[in-house]
Structure formats: structure tokens, C-alpha cells
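# Coordinate analysis (summary)
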Amino acid sequence: MTDLVRETMQSYNEYIIALPLGCQEIADLLREDKIVEATKRILQFSEGMAWIIDANHLIAVNGIENILEPQKIHEFLQEVNNGLEIQDFIIIADMFEYEIRPYFEESSLYEISEMQ
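Here we summarise the structure given alongside this text.

Rules used throughout
Residues numbered from 1 in each chain as written. Predicted model: local features only at pLDDT ≥ 70, side-chain atom pairs only at ≥ 80, totals over all residues. Heavy atoms only, no water. Helix = DSSP H or I, 4+ residues; strand = E, 2+ residues; numbered from the N terminus. Rg over C-alpha atoms; globule rule 2.2 N^0.38 Å. Contact = heavy atoms within 4.5 Å. Areas by Shrake-Rupley, 256 points an atom, 1.4 Å probe, with all protein chains shown as cover. Lys, Arg positive; Asp, Glu negative; His and termini not counted. Charge placed at Lys NZ, Arg CZ, Asp CG, Glu CD. Core = buried A, V, L, I, M, F, W, Y, C linked by side-chain atoms within 4.5 Å. Buried < 20%, exposed > 50% of the residue type's maximum accessible area, 1.4 Å probe, protein only. Expected span 1.5 Å × (residues − 1). Bend = angle between axes of the 7 residues up to and from the residue. Phe/Tyr/Trp six-rings, centres within 6.5 Å; stacked < 30°, edge-to-face > 60°.

On a plain count of helices and strands, the chain comes out with 4 helices and 0 strands. Start at the N end of the chain and walk to the C end: the helices and strands fall as α-α-α-α. Against the 2.2 N^0.38 benchmark of 13 Å for 116 residues, the chain shows a C-alpha radius of gyration of 15 Å, consistent with a compact globule. Along the three orthogonal principal directions, the C-alpha set of the chain runs to about 45 × 20 × 20 Å. Within the chain, counting contacts between residues at least 6 apart in sequence, those at least 24 apart form 76% of the total. Carbon together with sulfur atoms contributes 52% to the accessible area of the chain, which is approximately 6,900 Å² in total. Positive and negative charge centroids in the chain, built from 7 and 23 side chains respectively, lie 6 Å apart.

So, in C-alpha cells, the structure goes:
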């Protein structure tokens, strides 16, 4: 296994563990009507999801299984985008708190390692 794959796995695990808190912070900001800050965080979340999907692919092509489903992440991003288009910040907050956060809480229980 290359150093790049090991470093990616470590960053991947750290990021997945931090995601639930970030999702809750976005939901809280939206509910506190701090829309500008929340949309900045949503943009960061979206960029992070692009990285997670790329890292997921790199890890998979190196024969390491993990439970994240890129299609599910794309669905979350599409739903968030739809909510932003209609400016329904309550729906977006609910998604981050009750759908996206629990998905990543569950995912963080399955830390990936080269020993699988």
C-alpha cells in the first residue's frame, strides 16, 4: 500500500468522524437564521463530499472496502440543492440533522483500515 493511500485513509477516517458535528452546526445555524454562515458551511460540506467521493474511489481501487455509498451522498447533495433553490432553510436544517448527520454517525463507526 502506498503512502498516498495510507494518508488518504487517515484523512478520510478523521473527516468522517468530524462530519456529524459539522452537519449539526449547519442545522443549528439555519435554525438561528444565520443564513450567510450556514451557506458558507454548506459550500464547504459540498466540497468535502467531492473529496470524500474521490477518496472513496482511491481506497476502493486499492482493494479496501468501506460502507459509504457515493450515490447516497449525491442524493443528499441534490436534496440540499433543491432546498437552497426554493430557500426552504427549515427543510435543509432538518435534512442535515435527521438524515445526513445520522448517515455519517453510522458511517463513522466503521473506520476503514488496510487490515480488512
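Core analysis: the largest hydrophobic core is formed by 31 residues, its most contacted members being Leu30, Phe45, Leu68, Phe96, Ile100 and Phe104. Going through the elements one at a time, α1 (3–31), α2 (35–61), α3 (70–85) and α4 (89–108) are the ones with two or more residues in this core. With 10 residues, α1 is the single largest residue contributor to this core. Setting aside its immediate chain neighbours within four residues, Phe104 contacts Ile16, Leu19, Pro20, Phe45, Met49, Leu68 and Ile73.

The next thing to look at is the side chain of Asn56. As for its position among the elements, Asn56 is in helix α2. Residue Asn56 is classed as buried on the basis of its relative accessible area, which comes to 8%. For Asn56, the contacting residues outside a window of four places in its chain are Tyr12, Asn66, Leu68 and Pro70.

With 29 residues, α1 extends 42 Å from end C-alpha to end C-alpha; this agrees with the ideal 42 Å at 1.5 Å per step. Leu19 marks where α1 bends most, by close to 35 degrees; the proline Pro20 follows one to four residues later.

Looking now at α2. For α2, with 27 residues, the first-to-last C-alpha span of 39 Å sits near the 39 Å given by 1.5 Å per residue. Among all positions in α2, only Ile35, Ala38, Ile42, Phe45, Gly48, Met49, Ile52, Ile53, Ala55, Asn56 and Ile59 are buried. Its buried side turned inward, α2 meets α1, α3 and α4. Positive backbone phi, at 80 degrees, marks Gly63, one or two positions downstream of α2.

Moving on, we get to the packing of aromatic side chains. Following the criterion strictly, the structure yields 5 aromatic pairs and no others. Judged by centre distance (6.1 Å) and plane angle (70 degrees), the rings of Tyr15 and Trp51 are edge-to-face. One end of the pair, Tyr15, is in helix α1; the other, Trp51, is in helix α2, and 36 residues separate them in sequence. Aromatic pair Phe45 and Phe104: ring centres 6.5 Å apart, planes at 80 degrees, arrangement edge-to-face. In this pair, Phe45 sits in helix α2 while Phe104 sits in helix α4, placing the two residues 59 residues apart along the sequence. Take Phe45 and Phe104: they sit in the same class, and that class is buried.

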